[in-house]
Amino acid sequence: MLVVMQEGATEPQIQAVIDRLVSLGFTVHRSTGVRHTVLGGVGPVEDVEPADFEVMEGVKECHRIVSPYKLASRHFRPGGTVVKVGDVEIGGVRVVIMAGPCSVENEDQINRTAEAVARAGAAILRGGAFKPRTSPYSFQGLGEKGLRMLREAADRHGLKVVTEVMDHEQIPMFADYADILQVGARNMQNYNLLRRLGGLRKPVLLKRGPAATIEELLLSAEYILTGGNYDVILCERGIRTFESYTRNTMDISAIPVVKKLSHLPIVADPSHGTGRRDKVLPMARAAVAAGADGLLVEVHCDPDHALSDGAQSLWPEQFAELMGQLRIIAPAVGRKV
Ligand code: PEP
Ligand code: MN
(Lines give C-alpha, C1' and ligand atoms only; values in the text may rest on other atoms or scores of the structure.)
(Ligands and ions follow the chains in the order given, each with its own letter.)
Protein backbone atom coordinates (compact mmCIF):
# COMPACT_ATOMS: atom_id res chain seq x y z
CA MET A 1 0.00 0.00 0.00
CA LEU A 2 1.39 3.36 -0.99
CA VAL A 3 0.08 6.56 0.55
CA VAL A 4 1.24 9.81 -1.04
CA MET A 5 0.77 12.77 1.31
CA GLN A 6 -0.19 16.21 0.03
CA GLU A 7 2.48 18.86 -0.32
CA GLY A 8 2.73 20.53 3.09
CA ALA A 9 0.99 17.71 4.97
CA THR A 10 1.58 18.21 8.70
CA GLU A 11 3.48 15.82 10.93
CA PRO A 12 0.31 14.87 12.91
CA GLN A 13 -1.48 14.07 9.62
CA ILE A 14 1.43 11.88 8.51
CA GLN A 15 1.53 10.22 11.91
CA ALA A 16 -2.21 9.48 11.78
CA VAL A 17 -1.73 7.61 8.49
CA ILE A 18 1.26 5.71 9.88
CA ASP A 19 -0.76 4.73 12.98
CA ARG A 20 -3.63 3.49 10.87
CA LEU A 21 -1.35 1.45 8.62
CA VAL A 22 0.34 -0.07 11.66
CA SER A 23 -3.01 -0.90 13.29
CA LEU A 24 -3.97 -2.79 10.09
CA GLY A 25 -0.81 -4.89 10.29
CA PHE A 26 1.46 -2.99 7.89
CA THR A 27 5.14 -2.26 8.37
CA VAL A 28 5.64 1.34 7.33
CA HIS A 29 8.59 2.74 5.37
CA ARG A 30 8.71 6.48 5.03
CA SER A 31 10.24 8.30 2.08
CA THR A 32 10.57 12.07 2.28
CA GLY A 33 10.75 13.53 -1.22
CA VAL A 34 11.31 17.14 -2.25
CA ARG A 35 7.54 17.76 -2.40
CA HIS A 36 5.73 14.77 -1.00
CA THR A 37 6.13 12.35 1.81
CA VAL A 38 5.37 8.83 0.62
CA LEU A 39 4.43 6.08 3.07
CA GLY A 40 5.01 2.54 1.88
CA GLY A 41 3.00 -0.02 3.80
CA VAL A 42 4.14 -3.62 3.49
CA GLY A 43 1.38 -5.94 4.64
CA PRO A 44 -2.10 -7.31 3.91
CA VAL A 45 -2.92 -5.04 0.92
CA GLU A 46 -5.91 -7.10 -0.29
CA ASP A 47 -7.86 -6.38 2.91
CA VAL A 48 -7.64 -2.61 2.63
CA GLU A 49 -9.45 -0.07 0.45
CA PRO A 50 -7.31 2.82 -0.85
CA ALA A 51 -10.33 5.10 -0.43
CA ASP A 52 -10.18 4.61 3.36
CA PHE A 53 -6.85 6.44 3.29
CA GLU A 54 -7.70 8.94 0.58
CA VAL A 55 -10.34 10.53 2.79
CA MET A 56 -7.86 11.13 5.60
CA GLU A 57 -6.56 14.65 6.23
CA GLY A 58 -3.41 15.50 4.32
CA VAL A 59 -3.54 12.48 1.97
CA LYS A 60 -3.14 13.10 -1.77
CA GLU A 61 -3.63 9.58 -3.06
CA CYS A 62 -3.34 5.94 -2.14
CA HIS A 63 -2.53 2.92 -4.32
CA ARG A 64 -2.18 -0.79 -3.89
CA ILE A 65 1.24 -1.75 -5.21
CA VAL A 66 0.81 -4.88 -7.22
CA SER A 67 4.45 -5.46 -8.15
CA PRO A 68 6.12 -8.17 -6.04
CA TYR A 69 8.73 -5.70 -4.85
CA LYS A 70 7.35 -2.66 -3.05
CA LEU A 71 10.18 -0.62 -1.58
CA ALA A 72 12.39 -1.11 -4.63
CA SER A 73 9.57 0.06 -6.90
CA ARG A 74 9.85 3.46 -8.60
CA HIS A 75 6.43 4.34 -7.06
CA PHE A 76 8.01 4.47 -3.61
CA ARG A 77 10.42 7.25 -4.60
CA PRO A 78 9.37 8.67 -7.97
CA GLY A 79 12.24 11.17 -7.93
CA GLY A 80 14.89 8.44 -7.65
CA THR A 81 17.38 7.63 -4.92
CA VAL A 82 20.75 9.28 -4.58
CA VAL A 83 23.16 7.19 -2.51
CA LYS A 84 25.66 9.39 -0.72
CA VAL A 85 29.13 8.13 0.08
CA GLY A 86 30.73 11.13 1.74
CA ASP A 87 30.80 13.77 -0.98
CA VAL A 88 30.27 11.22 -3.77
CA GLU A 89 26.67 10.89 -4.95
CA ILE A 90 25.51 7.84 -6.90
CA GLY A 91 22.25 8.43 -8.76
CA GLY A 92 22.76 12.17 -9.22
CA VAL A 93 23.87 14.05 -12.32
CA ARG A 94 27.43 12.80 -12.13
CA VAL A 95 28.26 9.34 -13.49
CA VAL A 96 30.40 7.82 -10.74
CA ILE A 97 33.38 5.76 -11.81
CA MET A 98 34.55 2.90 -9.59
CA ALA A 99 37.79 1.34 -10.78
CA GLY A 100 40.60 -0.87 -9.59
CA PRO A 101 41.89 -4.42 -9.77
CA CYS A 102 39.78 -7.53 -9.50
CA SER A 103 41.78 -8.56 -6.41
CA VAL A 104 44.07 -6.74 -4.04
CA GLU A 105 47.39 -8.58 -4.51
CA ASN A 106 50.03 -6.58 -2.67
CA GLU A 107 50.74 -3.03 -1.55
CA ASP A 108 52.63 -1.99 -4.63
CA GLN A 109 49.93 -3.26 -7.00
CA ILE A 110 47.05 -1.60 -5.22
CA ASN A 111 48.92 1.67 -4.75
CA ARG A 112 50.03 1.96 -8.34
CA THR A 113 46.56 1.11 -9.60
CA ALA A 114 44.86 3.51 -7.15
CA GLU A 115 47.20 6.28 -8.21
CA ALA A 116 46.40 5.67 -11.89
CA VAL A 117 42.61 5.51 -11.54
CA ALA A 118 42.52 8.57 -9.26
CA ARG A 119 44.60 10.57 -11.73
CA ALA A 120 42.24 9.62 -14.57
CA GLY A 121 39.16 10.72 -12.59
CA ALA A 122 37.73 7.72 -10.71
CA ALA A 123 35.99 8.50 -7.42
CA ILE A 124 35.91 5.03 -5.90
CA LEU A 125 38.57 2.32 -5.69
CA ARG A 126 37.43 -1.27 -6.23
CA GLY A 127 39.35 -4.39 -5.25
CA GLY A 128 38.46 -7.75 -3.76
CA ALA A 129 40.05 -9.08 -0.59
CA PHE A 130 37.61 -11.98 -0.30
CA LYS A 131 37.22 -13.56 -3.72
CA PRO A 132 34.42 -15.90 -4.82
CA ARG A 133 36.46 -17.98 -7.29
CA THR A 134 34.93 -20.70 -9.40
CA SER A 135 37.80 -23.04 -8.51
CA PRO A 136 38.92 -23.59 -4.91
CA TYR A 137 42.50 -23.79 -6.23
CA SER A 138 42.48 -20.23 -7.62
CA PHE A 139 43.75 -17.24 -5.62
CA GLN A 140 41.16 -16.59 -2.90
CA GLY A 141 42.20 -13.07 -1.86
CA LEU A 142 44.29 -11.64 0.96
CA GLY A 143 41.44 -11.35 3.46
CA GLU A 144 41.62 -8.63 6.10
CA LYS A 145 45.20 -7.77 5.15
CA GLY A 146 43.90 -6.96 1.67
CA LEU A 147 41.11 -4.79 3.07
CA ARG A 148 43.69 -2.77 4.99
CA MET A 149 45.88 -2.28 1.90
CA LEU A 150 42.84 -1.23 -0.11
CA ARG A 151 41.75 1.34 2.48
CA GLU A 152 45.24 2.79 2.80
CA ALA A 153 45.68 3.07 -0.96
CA ALA A 154 42.27 4.72 -1.32
CA ASP A 155 42.97 7.22 1.47
CA ARG A 156 46.32 8.08 -0.02
CA HIS A 157 44.65 9.04 -3.30
CA GLY A 158 41.39 10.58 -2.04
CA LEU A 159 39.20 7.67 -3.14
CA LYS A 160 36.28 5.83 -1.51
CA VAL A 161 36.29 2.03 -1.27
CA VAL A 162 33.94 -0.63 -2.66
CA THR A 163 34.78 -4.25 -1.87
CA GLU A 164 33.00 -7.58 -1.77
CA VAL A 165 31.63 -9.18 1.37
CA MET A 166 31.03 -12.91 0.91
CA ASP A 167 29.53 -13.91 4.21
CA HIS A 168 27.39 -12.27 6.88
CA GLU A 169 29.98 -13.12 9.53
CA GLN A 170 32.48 -10.86 7.77
CA ILE A 171 30.26 -7.76 7.96
CA PRO A 172 31.67 -6.32 11.24
CA MET A 173 35.22 -6.57 9.86
CA PHE A 174 34.26 -4.38 6.88
CA ALA A 175 33.20 -1.45 9.07
CA ASP A 176 36.72 0.00 9.27
CA TYR A 177 37.69 -0.54 5.66
CA ALA A 178 34.77 -0.24 3.22
CA ASP A 179 32.53 2.66 2.18
CA ILE A 180 30.32 0.42 0.02
CA LEU A 181 29.84 -3.32 0.56
CA GLN A 182 29.60 -5.29 -2.66
CA VAL A 183 27.41 -8.37 -2.90
CA GLY A 184 28.80 -10.49 -5.71
CA ALA A 185 26.75 -12.02 -8.48
CA ARG A 186 27.04 -15.47 -6.93
CA ASN A 187 25.59 -14.17 -3.68
CA MET A 188 22.65 -12.21 -5.10
CA GLN A 189 20.27 -14.74 -3.63
CA ASN A 190 22.09 -15.30 -0.35
CA TYR A 191 19.09 -14.08 1.61
CA ASN A 192 20.77 -14.43 4.97
CA LEU A 193 23.54 -12.06 3.83
CA LEU A 194 21.02 -9.66 2.28
CA ARG A 195 18.94 -9.50 5.47
CA ARG A 196 22.02 -8.75 7.56
CA LEU A 197 23.00 -5.97 5.15
CA GLY A 198 19.51 -4.55 5.58
CA GLY A 199 20.38 -3.93 9.21
CA LEU A 200 23.52 -2.02 8.28
CA ARG A 201 23.69 1.74 7.71
CA LYS A 202 26.21 1.60 4.91
CA PRO A 203 25.62 1.52 1.13
CA VAL A 204 25.43 -1.85 -0.59
CA LEU A 205 26.29 -2.55 -4.22
CA LEU A 206 24.17 -5.51 -5.31
CA LYS A 207 25.26 -7.34 -8.43
CA ARG A 208 22.82 -9.14 -10.68
CA GLY A 209 23.22 -12.91 -10.58
CA PRO A 210 24.47 -14.53 -13.80
CA ALA A 211 21.10 -16.23 -14.30
CA ALA A 212 18.83 -13.77 -12.50
CA THR A 213 15.94 -11.92 -14.07
CA ILE A 214 15.54 -8.20 -13.43
CA GLU A 215 12.59 -8.98 -11.18
CA GLU A 216 14.72 -11.36 -9.11
CA LEU A 217 17.39 -8.65 -8.80
CA LEU A 218 14.81 -6.18 -7.52
CA LEU A 219 13.41 -8.74 -5.08
CA SER A 220 16.93 -9.28 -3.73
CA ALA A 221 17.25 -5.51 -3.27
CA GLU A 222 13.90 -5.61 -1.46
CA TYR A 223 15.47 -7.89 1.20
CA ILE A 224 17.98 -5.13 2.02
CA LEU A 225 15.41 -2.33 1.85
CA THR A 226 12.94 -4.05 4.19
CA GLY A 227 15.64 -3.98 6.84
CA GLY A 228 15.63 -0.17 6.59
CA ASN A 229 18.84 0.19 4.57
CA TYR A 230 17.71 2.23 1.56
CA ASP A 231 21.21 2.85 0.22
CA VAL A 232 21.27 0.11 -2.39
CA ILE A 233 23.07 0.45 -5.73
CA LEU A 234 22.24 -2.17 -8.36
CA CYS A 235 24.83 -3.49 -10.79
CA GLU A 236 24.39 -5.07 -14.22
CA ARG A 237 27.43 -7.31 -14.79
CA GLY A 238 26.33 -9.52 -17.64
CA ILE A 239 24.24 -12.65 -17.65
CA ARG A 240 24.80 -16.17 -18.87
CA THR A 241 23.34 -16.89 -22.31
CA PHE A 242 24.08 -19.35 -25.12
CA GLU A 243 26.71 -16.94 -26.46
CA SER A 244 30.21 -18.08 -25.59
CA TYR A 245 32.41 -15.52 -27.35
CA THR A 246 32.21 -13.19 -24.38
CA ARG A 247 32.42 -14.35 -20.75
CA ASN A 248 28.86 -13.12 -20.13
CA THR A 249 26.31 -11.23 -22.22
CA MET A 250 26.24 -7.62 -21.15
CA ASP A 251 22.56 -6.78 -20.80
CA ILE A 252 22.61 -3.07 -21.55
CA SER A 253 18.82 -3.06 -21.85
CA ALA A 254 18.57 -3.88 -18.14
CA ILE A 255 19.71 -0.31 -17.42
CA PRO A 256 16.69 1.57 -18.82
CA VAL A 257 14.37 -1.22 -17.63
CA VAL A 258 15.61 -0.91 -14.04
CA LYS A 259 15.41 2.89 -14.29
CA LYS A 260 11.73 2.58 -15.14
CA LEU A 261 10.85 -0.07 -12.58
CA SER A 262 12.93 1.14 -9.65
CA HIS A 263 14.17 4.30 -7.95
CA LEU A 264 17.49 2.68 -7.11
CA PRO A 265 20.66 3.76 -8.92
CA ILE A 266 22.17 1.25 -11.31
CA VAL A 267 25.79 0.96 -12.37
CA ALA A 268 27.31 -1.26 -15.05
CA ASP A 269 30.30 -3.60 -14.90
CA PRO A 270 31.56 -4.06 -18.46
CA SER A 271 34.59 -6.03 -17.23
CA HIS A 272 32.68 -9.08 -15.99
CA GLY A 273 30.05 -8.31 -18.63
CA THR A 274 32.47 -9.14 -21.45
CA GLY A 275 35.53 -10.83 -19.91
CA ARG A 276 37.71 -9.25 -22.60
CA ARG A 277 39.75 -6.09 -22.28
CA ASP A 278 39.14 -5.09 -25.90
CA LYS A 279 35.36 -5.12 -25.38
CA VAL A 280 35.26 -3.16 -22.13
CA LEU A 281 35.47 0.35 -23.61
CA PRO A 282 32.58 -0.04 -26.10
CA MET A 283 30.31 -1.59 -23.45
CA ALA A 284 31.26 1.08 -20.90
CA ARG A 285 30.39 3.79 -23.41
CA ALA A 286 27.11 2.07 -24.24
CA ALA A 287 26.19 1.73 -20.56
CA VAL A 288 26.68 5.44 -19.91
CA ALA A 289 24.73 6.32 -23.06
CA ALA A 290 21.93 4.02 -21.83
CA GLY A 291 21.65 5.91 -18.54
CA ALA A 292 23.90 4.06 -16.09
CA ASP A 293 24.60 6.01 -12.89
CA GLY A 294 28.12 4.70 -12.74
CA LEU A 295 30.62 2.11 -13.88
CA LEU A 296 32.55 -0.59 -12.06
CA VAL A 297 35.66 -1.26 -14.11
CA GLU A 298 38.62 -3.55 -13.54
CA VAL A 299 41.95 -1.79 -14.03
CA HIS A 300 45.35 -3.27 -13.18
CA CYS A 301 48.80 -1.69 -13.30
CA ASP A 302 50.14 -4.92 -14.85
CA PRO A 303 47.13 -6.92 -16.11
CA ASP A 304 49.20 -9.61 -17.81
CA HIS A 305 50.41 -10.72 -14.39
CA ALA A 306 47.13 -10.25 -12.48
CA LEU A 307 46.19 -13.01 -10.04
CA SER A 308 42.56 -12.84 -11.20
CA ASP A 309 40.65 -11.53 -14.21
CA GLY A 310 43.72 -10.17 -16.02
CA ALA A 311 42.20 -10.63 -19.49
CA GLN A 312 39.34 -8.26 -18.69
CA SER A 313 41.42 -5.72 -16.76
CA LEU A 314 42.27 -2.46 -18.51
CA TRP A 315 45.72 -1.00 -18.67
CA PRO A 316 45.82 2.38 -16.88
CA GLU A 317 46.25 4.14 -20.26
CA GLN A 318 43.11 2.45 -21.61
CA PHE A 319 41.21 3.56 -18.53
CA ALA A 320 42.36 7.15 -19.04
CA GLU A 321 41.24 6.91 -22.67
CA LEU A 322 37.82 5.67 -21.54
CA MET A 323 37.46 8.59 -19.12
CA GLY A 324 38.17 10.98 -21.99
CA GLN A 325 35.46 9.33 -24.09
CA LEU A 326 32.95 9.44 -21.24
CA ARG A 327 33.54 13.18 -20.85
CA ILE A 328 32.13 13.54 -24.37
CA ILE A 329 29.30 11.00 -24.08
CA ALA A 330 27.92 11.90 -20.64
CA PRO A 331 26.88 15.50 -21.52
CA ALA A 332 25.02 14.16 -24.56
CA VAL A 333 22.68 12.33 -22.17
CA GLY A 334 22.45 15.11 -19.61
CA ARG A 335 25.15 13.80 -17.28
CA LYS A 336 28.65 14.70 -16.15
CA VAL A 337 31.69 12.53 -15.42
C1 PEP B 1 34.21 -8.90 -8.94
O2 PEP B 1 33.67 -7.79 -8.93
O3 PEP B 1 35.44 -9.07 -8.98
C4 PEP B 1 33.34 -10.10 -9.02
C5 PEP B 1 33.72 -11.26 -8.49
O6 PEP B 1 32.22 -9.88 -9.71
P7 PEP B 1 30.91 -10.80 -9.95
O8 PEP B 1 30.34 -11.06 -8.60
O9 PEP B 1 30.04 -9.92 -10.80
O10 PEP B 1 31.35 -12.03 -10.67
MN1 MN C 1 36.84 -9.81 -11.13
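This text goes with the structure placed above it.
Rules of the game
Residues numbered from 1 in each chain as written. Chains lettered and ligands numbered in written order. Predicted model: local features only at pLDDT ≥ 70, side-chain atom pairs only at ≥ 80, totals over all residues. Heavy atoms only, no water. Near = heavy atom within 4 Å. Polar contact = N/O pair within 3.5 Å; in protein donor to acceptor, adjacent residues only side chain to side chain. Areas by Shrake-Rupley, 256 points an atom, 1.4 Å probe, with all protein chains shown as cover. Nonpolar A, V, L, I, M, F, W, Y, C, P; charged D, E, K, R; others polar. Core = buried A, V, L, I, M, F, W, Y, C linked by side-chain atoms within 4.5 Å. Buried < 20%, exposed > 50% of the residue type's maximum accessible area, 1.4 Å probe, protein only. Helix = DSSP H or I, 4+ residues; strand = E, 2+ residues; numbered from the N terminus. Contact = heavy atoms within 4.5 Å. Salt bridge = Lys/Arg side-chain N within 4 Å of Asp/Glu carboxyl O.

## A look at the site of ligand 1
As a matter of local geometry, ligand 1 sits amid Cys102, Arg126, Lys131, Glu164, Gln182, Gly184, Ala185, Arg186, Lys207, Arg237, His272 and Glu298. Within the backbone of alanine 185, a nitrogen or oxygen atom sits 2.7 Å from an oxygen atom of ligand 1. Notes on ligand 1: free accessible area 300 Å², of which the protein chains cover 97%. For the shell around ligand 1, the per-class residue count stands at two nonpolar, three polar and seven charged.

## Concerning the nonpolar core
Within the largest apolar cluster, 73 residues are counted, with the highest numbers of intra-cluster contacts made by Leu125, Leu206, Leu234, Leu295 and Phe319. For this core, the element with the most residues is helix 7 (residues 214-226), which contributes six residues. Setting aside its immediate chain neighbours within four residues, leucine 234 contacts Leu206, Leu217, Leu218, Ala221, Val258, Leu264, Pro265, Ile266 and Val267. By size, the runner-up hydrophobic cluster in this structure holds 16 residues, among which are Met5, Val48, Met56 and Val59.

## Considerations on the environment of lysine 279
In this fold, lysine 279 is placed in helix 10 (residues 277-289). The spacing of lysine 279 and alanine 254 is 25 residues in sequence and 18 Å in space, taken between C-alpha atoms. Residues contacting lysine 279, with those up to four places away along its chain left out, are Tyr245 and Thr274.

## Section: the pattern of salt bridges
Following the criterion strictly, the structure yields 19 salt bridges and no others. Residues glutamate 7 and arginine 35 are paired through a salt bridge, measuring 4.0 Å at the closest nitrogen-oxygen approach. In this pair, glutamate 7 is assigned in the loop between strand 1 (2-5) and helix 1 (11-23) and arginine 35 in the loop between strand 2 (27-32) and strand 3 (37-42), connecting sequence segments 28 residues apart. Since its relative accessible area comes to 54%, glutamate 7 is described here as exposed.

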